[in-house]
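# Chains, contacts and geometry: an overview
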Amino acid sequence: MGLVNRVIRRLEVTHEPELTLAEQLTANDDLLPVEPENRTWRGYNYVAFWVADMFNINTWMIVSSMIQLGMSWWQAWICVLLGYGIATPFLVLNARPGAMFHVTFPIVNRASFGMFGSLWCVFNRAAMACIWYGVQASIGGTCVLVILRAMWPSINTLPNSMPVSSGTNTRDFLCFFLFWLISLPAIWFPVHKIRHFFVVKTIVMPIAAIAFLIWCIVKAHGIGPIVHQRSALHGSDLGWAMVISSMSCISNMATLITNAPDFASRARTPSAALYPQLFAPPVTSSIVSLIGILVSSSSQAIYGEAIWSPVDLLGRFLDDDPSSATRFGVWFISASFIIAQVSTNISANSVSAGCDLTALLPRFINIRRGGYIAAIVGLCMCPWNLLKSSNEFTSYLSAYSVFLSSIAGVMVMEYYVIRKGHYNVRDLYITGEGSWYWYTYGVNFRAYVAYVAGILINVVGFAGATGREVPLAATRIYELSFFTGFGVSAIVYWTLNRCFPVVGAADTFEEIDVSGYDESRANGLRDTDSKDGAPSETISERY
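Residues numbered from 1 in each chain as written. Predicted model: local features only at pLDDT ≥ 70, side-chain atom pairs only at ≥ 80, totals over all residues. Heavy atoms only, no water.

### Notes on the overall build of the chain
Along the backbone of the chain there are 23 helices and two strands. A compact globule built from 543 residues would reach a C-alpha radius of gyration of about 24 Å, and the chain, at 24 Å, matches this within 12%. In terms of overall dimensions, the chain has a C-alpha envelope of 75 × 60 × 45 Å along the principal axes. Burial statistics for the chain: of 543 residues in total, 56% are counted as buried. A separation threshold of at least 6 residues defines the contact pool for the chain, and within that pool the share at least 24 residues apart is 85%. Each charge sign in the chain was given a centre, from 34 positive and 35 negative side chains, and these centres are 5 Å apart. (Helix = DSSP H or I, 4+ residues; strand = E, 2+ residues; numbered from the N terminus. Rg over C-alpha atoms; globule rule 2.2 N^0.38 Å. Buried < 20%, exposed > 50% of the residue type's maximum accessible area, 1.4 Å probe, protein only. Contact = heavy atoms within 4.5 Å. Lys, Arg positive; Asp, Glu negative; His and termini not counted. Charge placed at Lys NZ, Arg CZ, Asp CG, Glu CD.)

Structure follows, in structure tokens:
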């Protein structure tokens, strides 16, 4: 028994001694409000973050499906600008509590779903982050293959020693595993320091993308035929195609909208997480997708077909006895895409998974450990098998945005309308009667009714997306799933709070921590509250 206890103590994250069980379930250093010295993100860091996040292969290719629907290139490009432009206000709204009170998504979620009710939402977001980590790593593995081919062409004919049942081969798995290994050191750095990596990518990736564009235009002796293609859609068909395309961009942002407080919590000032995030995502995504359009159009002039994947196009450059200059160019651009994929995995997945898993098991997991758990899950889930059944996987991801938008709807309504900016930071770590966020045994049933309502309105339309016959109205509702999920959950939550008011509901809007957390910490005050469930005296120094 003594050995077991010693092992358990070694596995625990660093914490003050003699914590109660309640404290071990609700707090560790990464869940508490960010220390003032770690609030280091300025406005330009958020711009760099979004440049880092948007310069990836998915954003590069996002217009391909839109053009295949029959739209012209400029109509598809407008959809990207509109989609991301519409998504950013929702992101900024949900990021605000994190920027004001310096707490991450799991803690902000406690305010609306309850101390224990939040765990389901956090688990959902953590699972999504782990899945996406594996998927992005698999895409990154294709970049590694191209860079290895540029250096050692013989890698392309590496003998296969893996069984058919594995779903992959020795060459592809080796490249995937190398990318997975390359990503691991980046997870080690704390969130307030990883911002420097995003700045590096902001410099490297645009240079590589512009060089790639110029190279393709010169090689094609022009920008190719795609930019001269007319739209094949007109009237309502064109209108709904643009709606669906814009919504696909919003769905891509759903995960980042939901966990927006994670990075906002590191803001030096609240405005640092506000204005840069309003313009950086739509501007960057529109630039990246425009480069993708022009490069793919040029590829059609070169090879007689549009190659939308930049990795596939770079691979084609290596097919025909390339010169040393061509191999170096491919190497440099592929290396930049590897940096892009690592950065995207950190910004969108490993940090989010780390924050969420920390809240699920704070006694043993911190953000760093959670990031490595996400990496291990991403390896073990064999993501290449998910990507092979792309239609089913895409439908699943689209459906998941409904779950996340319903969570975000409740969170935004809670902060801006129900409590009107009033927070009780101290109570976000307290279990028991008297806490604002205890609700009913730690679960806010108002939030869960609203959450389920936001999902149910889209259920019939989702069934239609999987191939079943459903009414046209249900299909249209599902095509607007982010708005319907967000809107219905927010309205239902507001209605239930009018009928069953919560403790701490406010009449006037003022962003204030009524517990005086920061003031207490700054003045070194000791809280001696002795009510059941309150933190011990050691932890209370932080309140």
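### Overview of the state of the cysteines
Scanning the entire structure with this criterion turns up zero disulfides. Between C143, a free cysteine, and C175, which holds the nearest cysteine sulfur, the sulfur-to-sulfur gap is 10 Å. Residue class for C143 comes out buried when judged on its relative accessible area of 1%. Left unpaired, C382 is separated from the closest cysteine sulfur, that of C380, by 7.7 Å. Judged by relative accessible area, C382 falls into the partly exposed class, the value being 25%. (Disulfide = S-S within 2.5 Å.)

### Some thoughts on the pattern of salt bridges
Inspection of the entire model under this criterion finds seven salt bridges. Two residues, R363 and E12, come together in a salt bridge whose shortest N-O distance is 2.6 Å. Of this pair, R363 sits in the loop between helix 14 (324-360) and helix 15 (367-380) while E12 is found in the loop between helix 1 (2-11) and helix 2 (21-26), placing the two residues 351 residues apart along the sequence. Residue classification places R363 among the partly exposed positions, given a relative accessible area of 29%. (Salt bridge = Lys/Arg side-chain N within 4 Å of Asp/Glu carboxyl O.)

### Considering the nonpolar core
Counting residues in hydrophobic clusters, the biggest one holds 146 residues, and the most contacted among them are M66, F198, F212, F337, Y423 and Y429. If you tally residues by element for this core, the top one is helix 7 (residues 118-151), at 16 residues. Not counting the four nearest positions on each side in its chain, F212 is found in contact with W60, V295, P310, L313, L314, F317, I333 and F337. (Core = buried A, V, L, I, M, F, W, Y, C linked by side-chain atoms within 4.5 Å.)

### Quick notes on unusual backbone geometry
Positive phi outside glycine occurs at H221, with the angle close to 60°. Residue position: H221 is located in the loop between helix 9 (191-220) and helix 10 (235-258). On the basis of relative accessibility, which here comes to 75%, the residue H221 falls in the exposed class. Backbone geometry places Y439, a non-glycine residue, at a positive phi of 50°. Along the chain, the position of Y439 falls in the loop between strand 1 (422-423) and helix 18 (445-456).

### Some words on helix 20 (residues 472-479)
Buried within helix 20 are the following residues: A474, Y478 and E479. With its buried residues spanning 140° around the axis, helix 20 presents them on a single face. Facing away from the buried surface of helix 20 by more than 90 degrees, the exposed residues are L472 and A473. (Arc of directions from axis to C-beta.)

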